[in-house]
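# Architecture and fold: a report
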Amino acid sequence: MAKLGALIAEAVIHHYGRDEFLRRMSHPFWFQSFGAVMGMDWHSSGITTSVLGAMKRGLRPMSEELGLFVCGGRGAQSRRTPQELIDVGTRTGIDGTALANISRLVAKIDSAAVQDGFDLYLHGFIVASDGRWVVVQQGMNQDRRQARRYHWLSEGLESFLDSPHRAIEGRVQGNIINLADRQAEKSRHDQLHLLSTLGPDRIVREAYAATAVAAPSPSQLDQPELPHLIMPSHHDVREGDVNMKRLYANLAAAADRGPADYQELLLTPGVGARTVKALAMVAEVVHGAPYRFSDPARFSLAHGGKDRHPFPVPLKVYDETIHVLRSAVSKGKLGREEELAALRRLDVQARNLEQQATGPRLKDITAEETRMSAQLGGRSVFGWERE
């Protein structure tokens, strides 16, 4: 995951620039699809930990070259984030102390100003050498065994207390106090006024005396409904989780473009054609527009999942994907774009075929992958697959 994730990041930066990579990391659907195409459980809260961990490990050797630094992590690692940012500032000349303060503030907002029943346990801070940044945090509700993810982006951020989040993703459950929302400005003002005039003891007495909560006004409820990334509780990948037209288009593009573009690249016997199918989804992660990632489960069809859903990770295919992408990115840096152009054509072809492509049922696709798993080096947390 560290190798493949770093290569996808390099490809995105090569084509679209570093700022675009930061934007994509702040987009919850792309982030989930990114983790799924790398073989992490497609629906799991562990995607957040794994993606950030893979990025931290994979990008570390090339941080100076790309001007991109990944700090933080889960647990004790998250608490070391401010010092890591100060160290980055020393290496790059940006204000590391200011970044450390932003790290603390963002963590405090999502743990105190946003009271939603989820306790923060992960804080990832990705910063560029020009000072732009993205933060991805995750909280856990132990009672429900559910996670909620918080995305931040420095681009366009005008205030940390005026609806600053790029996204907050998780199931709606109960009342949420979000004092960082722009609609809470009056509440924040009134709280400061009460604190200065009444004092904390009087406020506590008044709070206990309160027996009713006023209903929200229509203007308070006037908030646009946005699509949210809500992951199901089931582990298996079902047809309802996948946009089948897009999946068929990925497969059809692999069959159509593969022989033309990859016959010189895919030399591993018995793996080449299967690798092109994985590359078709990797190509979409590199080039796809945001609306293309509404079904992150589809990207688990590239390299499976470590929990054996939708099928065990085919390590031979995974290694070949890394080999092809590494070759393409390395040559692209030298101005030889033919292999990166082939990946882009694969993505373009998939979109062209999306309306007319057809194929087997999802359960038949995953059954065939499981049948072939041992031959493709299938492995999961349960061990190696056998014939």
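In this text, all values refer to a predicted model and were calculated from it rather than measured experimentally.

Let's shift gears to the packing of aromatic side chains. Applying the stated criterion to the full structure yields 5 aromatic pairs. Measuring from ring centre to ring centre gives 5.5 Å for F125 and W133, while their planes differ by 35°; the resulting arrangement is tilted. Relative accessible area serves as the criterion here: at 0%, F125 is assigned to the buried category. You can call W133 buried: its relative accessible area is 4%. Every member of this aromatic cluster is reached through a ring pair, and the members are F21, W30 and F34.

So, about unusual backbone geometry. Here the residue pair H309 and P310 is connected by a cis peptide bond, since its omega of 5° sits within 30 degrees of zero. As for its placement among the helices and strands, P310 is situated in the loop between α14 (300–303) and β8 (313–314).

As a further point, take the packing of helix α1 (residues 2–16) against helix α4 (residues 46–59). Relative orientation of the contacting elements α1 and α4 amounts to 80°, with a least axis distance of 8 Å. One finds that α1 runs roughly perpendicular with respect to α4. Each of A2, G5, A6 and A9 in α1 lies in contact with α4, whose residues at this interface are A54, M55, R57, G58 and L59. In terms of residue class, the contact of α1 with α4 is made up of 6 nonpolar, 2 polar and 1 charged.

Turning next to the sheet that holds strand β4 (residues 133–141). The strand order β1-β3-β4-β5-β6 describes an open sheet built from 5 strands, whose pairing is antiparallel. Each having just a single partner strand, β1 (68–74) and β6 (167–169) make up the two edges of the open sheet. Taken over all neighbouring pairs, the strand axes of this sheet differ in orientation by 10° on average, direction set aside. Sheet topology note: the strand β3 (residues 119–128)/β4 ladder contains 8 bridges and is antiparallel. From the neighbouring strand, I126 faces β4, where its bridge partner is V134.

Moving on to the pattern of salt bridges. Per the counting criterion, the structure on display carries 29 salt bridges. Residues R23 and E20 are paired through a salt bridge, measuring 2.9 Å at the closest nitrogen-oxygen approach. Note that R23 and E20 are positioned in helix α2 (residues 18–25) at a spacing of 3 residues, about one turn of the helix. Between R336 and E338 there is a salt bridge, with the nearest N and O atoms lying 3.8 Å from each other. Three or more residues joined by partner-sharing salt bridges are found here, namely R18, D19, E20, R23, R24, D130, R132 and E155.

To continue, consider helix α16 (residues 338–353). Side chains of residues three or four places apart in an α-helix project in the same direction, reflecting 3.6 residues per turn. Its 16 residues give α16 an end-to-end C-alpha distance of 22 Å, which sits within 8% of 22 Å, the value for a rise of 1.5 Å per residue. All of the buried residues in α16 are E339, L340, A342, L343, L346, D347, Q349, A350 and L353.

Conventions and cut-offs
Within any chain, residue numbers begin from 1 and follow the written order of that chain's sequence. At least 70 in pLDDT is required for a residue's local features to be given in this predicted model, at least 80 for side-chain atom pairs to be given and counted, and no such filter applies to totals for whole chains, interfaces and linings, which use all residues. Values reported for side chains reflect all heavy atoms of the structure, with hydrogen atoms and water molecules removed beforehand. Any two of the Phe, Tyr and Trp rings considered here, Trp counted by its six-membered ring, make a pair once their centres fall within 6.5 Å; the pair's planes then place it as stacked at under 30 degrees, edge-to-face at over 60, or tilted in between. Between buried and exposed lies partly exposed: a residue is buried under 20% and exposed over 50% of the maximum accessible area for its type, with that area taken using a 1.4 Å probe on protein chains only. Working definition: helices are DSSP H or I runs of at least four residues, strands are E runs of at least two. Numbering for both runs from the N terminus. In this description, a line fitted to the C-alpha atoms serves as the axis of each element, helices being fitted only across the stretch in contact, and the angle between N-to-C directions of two axes falls anywhere from 0 to 180 degrees. Roughly parallel means an angle under 35 degrees; roughly antiparallel means over 145; roughly perpendicular covers 65 to 115; every other angle is labelled oblique. Contact between two residues is taken to exist if any of their heavy atoms lie within 4.5 Å; hydrogens are not considered. In the scheme used here, Gly and all other residues not listed as nonpolar or charged are polar, with Ala, Val, Leu, Ile, Met, Phe, Trp, Tyr, Cys and Pro taken as nonpolar and Asp, Glu, Lys and Arg as charged. Two strands form a pair only when DSSP identifies at least two bridges running between them. Only one rule defines a salt bridge in this text: a Lys or Arg side-chain nitrogen within 4 Å of an Asp or Glu carboxyl oxygen. Under the convention used throughout, the expected extent of a helix is 1.5 Å for every residue step, that is, one less than its residue count.

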